[in-house]
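Geometric and topological summary
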Amino acid sequence: MSKILSARVILSSPGRNFTTLKIETEDGIYGVGDATVNGRELAVVAYLEEHVIPCLIGRDAHQIEDIWQYLYKGAYWRRGPITMCAIAAVDMALWDIKAKIAGLPLYQLLGGACRRGNLVYAHANGEDIEETLSEAEKYIAMGYRAVRLQCGVPGLKSTYGVTSDKARYEPAGTGLPAENIWSTEKYLRAVPQLFAAARETLGWDIHLLHDTHHRLTPIQAARLAKDLEPYRLFWLEDAVPAENQENFRLIRQHSTTPLAVGEVFNTIWDCKQLIEEQLIDYIRTAAVHAGGITQLRKIANFAALYNVRTGCHGATDLSPVTMAAALHFGLSVSNFGIQEFMHHTEETNRVFPHSYVFEDGYLHPGEKPGLGVDIDEDLARSFPYQRAYLPINRLEDGTMHDW
Ligand code: EZ4
Ligand code: CO
């Protein structure tokens, strides 16, 4: 028995907003969990402070599964990003506490290491093909074995995944949402050219990935997947929005390009049909947005039955706490695929000191007991929350489109 004494939410903005939950036990052990929903941060703060934390005090921090079920089934209104993110933060913090009490890095409690480290992919973004490929070459020189390529589209002023500050990928901006203009036709012409040039310049020994960010219809996605087949992508991500999971059948029928989806999913139910029908190759659910380590393990075990592998979301809005959770989880599951890794700002890394290390294209969670990531609360307080949103996206005629 290790009673929960207190819990509090720490909202800070060391380069971007992060919502963090810290749970303390009677024995003076504490754990941290990430509760960040990009652009909707305060909703999770209220959910945790008003509705979750009062129910946690006095419970046994060791009862991770029971507390998960209590928060999920007990809410009556299940699922959704805010609810599942709040549950995730509690779940991560409790795993952190349990592993600290055991004196073990979390991956040991989850079954031990299945491999030397987690293969990660970097992001190469550029205004044009040349710039994107020279960004990719920088990452390859750093030891990366996999790179996601996103490139400006001729005729469009801004493109998803391409930011003016190359050193620092951050799509969210302070103030109200920026408005971008999108053309699917222009995009579909540009992408195959990018990958043809990439194979010529970068060769075939590097894994290449691409994110479509839910912007296509199924038939458009099928055509893109088919057009990209000669370039042997590691995956094509978020080809279509997945509210209709059966949409992926059409893409599958037309192409052997591996498919990944799931960064916006909240529960195992969002993945069920996609996995069961083997409509995807990689499931991208993240600890923070899909109910924590407890549910991620269930998703991975279910996916293993159908040869689907993991590929957790790891953009800059997922804090170092989520990154640590993903790395312990990834190391311990047999059907790990790849992990997204984007560098956080210096300020973020100082607010969240962590034990994970990058070496030779792989990330390892380190050997510190627990998650191996902490929060410097004093420093966090010096970076107050700032309202920020992801941009919105309209077609050239003004129609609201997927982000
Ligand atoms: O747009 O994390 O694969 N990565 C992505 C990210 C997401 C942001 C949204 O908050 O698609 O850049
Ligand atoms: Co994505």
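First, a word on what this report is: a plain description of the structure on this page. (Residues numbered from 1 in each chain as written. Chains lettered and ligands numbered in written order. Predicted model: local features only at pLDDT ≥ 70, side-chain atom pairs only at ≥ 80, totals over all residues. Heavy atoms only, no water.)

1. Structural notes on the pairing of strand β17 (residues 392-395)
Inspection of the sheet shows strand β7 (residues 179-182) paired to β17 by four bridges, in the parallel sense. Paired with Trp 182 across the bridge in β17 is Leu 395. By the bridge criterion, two bridges tie β17 to strand β18 (residues 400-401) in an arrangement that is antiparallel. The partner of Asn 393 across the bridge, within β18, is His 401. The antiparallel pairing of β17 with β18 creates a hairpin that spans four residues between the two strands, and Gly 398 there sits at a positive phi of about 100 degrees. (Pairing = 2+ DSSP bridges. Helix = DSSP H or I, 4+ residues; strand = E, 2+ residues; numbered from the N terminus.)

2. What to know about the layout of surface pockets
In this structure, the largest pocket occupies an estimated 1,100 Å³ of space. His 213, His 214, Val 264, Leu 390 and Trp 403 are, among the 39 residues lining the largest pocket, the residues nearest its centre. When contributions to the lining of the largest pocket are tallied by element, the ones reaching two or more residues are α3 (81-102), β17 and β18. (1 Å grid on protein atoms, 1.4 Å probe; cavity = no way out; pocket = protein on both sides within 12 Å on 5 of 7 lines; lining within 4 Å. Points joined across faces, edges and corners; volume = space filled by probe spheres on them.)

3. Regarding helix α7 (residues 218-228)
Looking only at α7, the buried set comprises Gln 220, Ala 221, Ala 222, Leu 224, Ala 225 and Leu 228. The inward-facing, buried residues of α7 abut α6 (184-202), β9 (235-237) and α8 (247-254). (Buried < 20%, exposed > 50% of the residue type's maximum accessible area, 1.4 Å probe, protein only. Contact = heavy atoms within 4.5 Å.)

4. Remarks on the sheet that holds strand β1 (residues 4-12)
What the three strands build is an open sheet, ordered β1-β2-β3; its pairing is antiparallel. On the outer flanks of this sheet lie β1 and β3 (30-34), each paired with one strand and no other. When strand polarity is set aside, the average angle formed by the axes of neighbouring strands in this sheet is 20 degrees. Relative to β3, α3 is tilted by about 150 degrees, and along the sheet it contacts β1, β2 (18-25) and β3. (Axes fitted to C-alpha atoms, helices over the stretch in contact; angles between N-to-C directions.)

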